[in-house]
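Okay, here's what each chain looks like letter by letter:
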Amino acid sequence: MTKGNELSTRDRLKLSARRLFAERGVSGVTVRDILAHAGDKNGASLNYYFTSKEVLIREIVIDIFTMMEGRWRQRLDALESTNSSPDLRDYVRVLVNSADTSDVEDVPTTARLVEIFSQQYYSVVAAALKENNLQCYDLILSRIASHMKGIPEHIVRQRLVFVTRHLSTIFALYEGARLVGSDRQRATLGTDDYNLGDVIDTAVGLLTAEVQSADAGMHMFPPMGMPSSSAAVLPFPGEGR
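Definitions and cut-offs
- Within each chain, residues carry numbers counting from 1 in the order of the written sequence.
- Local features are withheld for residues below a pLDDT of 70 in this predicted model, meaning they are given only at 70 or higher, and side-chain atom pairs are given and counted only at 80 or more; totals for whole chains, interfaces and linings count all residues.
- Hydrogens and waters are ignored; side-chain quantities use all the structure's heavy atoms.
- The term salt bridge refers to a side-chain nitrogen of Lys or Arg lying within 4 Å of a carboxyl oxygen of Asp or Glu.
- Note on conventions: DSSP H or I runs of at least 4 residues are helices, E runs of at least 2 residues are strands, and numbering of each starts at the N terminus.
- Exposed residues in this analysis have more than 50% of their type's maximum accessible area, buried residues have under 20%, and partly exposed residues fall in between, with area computed by a 1.4 Å probe over protein chains only.
- When we speak of the arc, we mean the arc of directions from the helix axis to the C-beta atoms.
- Per-residue confidence from the predictor is reported as pLDDT, which spans 0 to 100.
- Here a residue-residue contact requires only that any non-hydrogen atoms of the pair lie within 4.5 Å.
- Planes of paired rings set the category: under 30 degrees apart is stacked, over 60 is edge-to-face and the rest tilted, where pairs are Phe, Tyr or Trp rings (Trp by its six-membered ring) whose centres lie within 6.5 Å.

Draft legend 1. Layout of the pattern of salt bridges. Considering all chains together, one arrives at 13 salt bridges under this definition. The salt bridge involving glutamate 80 is made with arginine 143; its shortest N-O contact spans 2.7 Å. You can see glutamate 80 sitting in helix H4 (residues 53-82) and its partner arginine 143 sitting in helix H8 (residues 136-146), a full 63 residues away along the chain. You can call glutamate 80 partly exposed: its relative accessible area is 30%. Taking the relative accessible area as the measure of exposure, arginine 143 reaches 25% and is therefore partly exposed.

This is the structure we're talking about:
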């Protein structure tokens with residue numbers, strides 16, 4: 001699905017599904033919509049290639065998170081090979097600088113789809129991360145957590161959930177505003193230059209704010225070790241599908 005590629009029928013169907021899901025949400029898109037967008041006159045082609053809409057969704061989830069794994073890994077390796085003592089802000093910057101996929105997508109959809117799938121298809125995303133051994137996001141979160149010294153463990157876990165959900169929402173908002181937003185939306189968000197500095201500042205603030213109550217979130221995040229991506233990048237276990 002990268003720029004300049006000639007697409008097979010299978011990939012064309014996936015690309016159409018991605019764009020429609022990003023615009024309308026999964027529930028707002030039918031198989032017929034995908035076929036029409038792809039210009040496919042064979043009404044059975046989606047079932048032929050994917051057997052069902054659910055299988056198509058799973059493949060798109062795997063595609064997205066495999067691509068993001070590579071982006072996270074590339075930036076993490078570059079950071080740690082050139083900086084002997086990265087700080088919390090450096091690791092947040094890795095996450096933020098990986099988010100804009102306009103370098104590999106003619107019409108970026110990844111940020112909006114991550115937001116949609118992580119909220120509505122929790123179990124599908126969690127299974128895809130586990131089955132495909134996609135661990136770089138976990139690794140970055142553990143690096144961030146290691147710099148949150150003096151903060152109770154359950155609050156560290158809570159804040160990692162908060163910041164990952166915050167960043168996912170912001171990235172989706174930026175992506176949509178840059179593509180179809182009004183002039184006012186683009187001006188407010190600073191999307192012409194993708195105002196990353198303020199995004200990073202806000203995320204760092206969420207992570208490092210003074211703890212007002214050490215008991216906050218204890219019932220939701222009892223001490224049990226640092227979160228994996230299935231607990232942090234996604235909504236709470238049990239939510240979504």
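Draft legend 2. Representation of helix H7 (residues 122-131) in the model. Among the residues of H7, Tyr122, Val125, Ala126, Ala128 and Leu129 are the ones counted as buried. An end-on view of H7 places all buried positions within 160 degrees of arc, on one side of the element. Exposed residues on H7 whose side chains face more than 90 degrees from its buried face are Lys130 and Glu131. Note on H7: the residue one or two positions beyond its end, asparagine 133, has a positive phi of about 55 degrees.

Draft legend 3. Representation of the confidence of the model for the protein chain in the model. Chain-level statistics for the protein chain give a pLDDT mean of 84 and a share of 80% at 70 or above. The low-confidence segment residues 221-241 (pLDDT under 50) makes 62 contacts with residues lying over four places distant or belonging to another chain.

Draft legend 4. Molecular detail of the packing of aromatic side chains. A complete count under the given rule lists four aromatic pairs for this structure. Seen in terms of ring centroids, tyrosine 48 and tyrosine 49 are 4.9 Å apart; in terms of plane orientation they differ by 80 degrees. Their pairing is edge-to-face. With relative accessibility at 65%, the residue tyrosine 48 sits in the exposed group. Seen in terms of ring centroids, phenylalanine 117 and tyrosine 121 are 6.1 Å apart; in terms of plane orientation they differ by 85 degrees. Their pairing is edge-to-face. Residues phenylalanine 117 and tyrosine 121 agree in their burial class; the two are buried. Aromatic ring contacts, followed pair by pair, group Phe21, Phe117 and Tyr121 into a single cluster.

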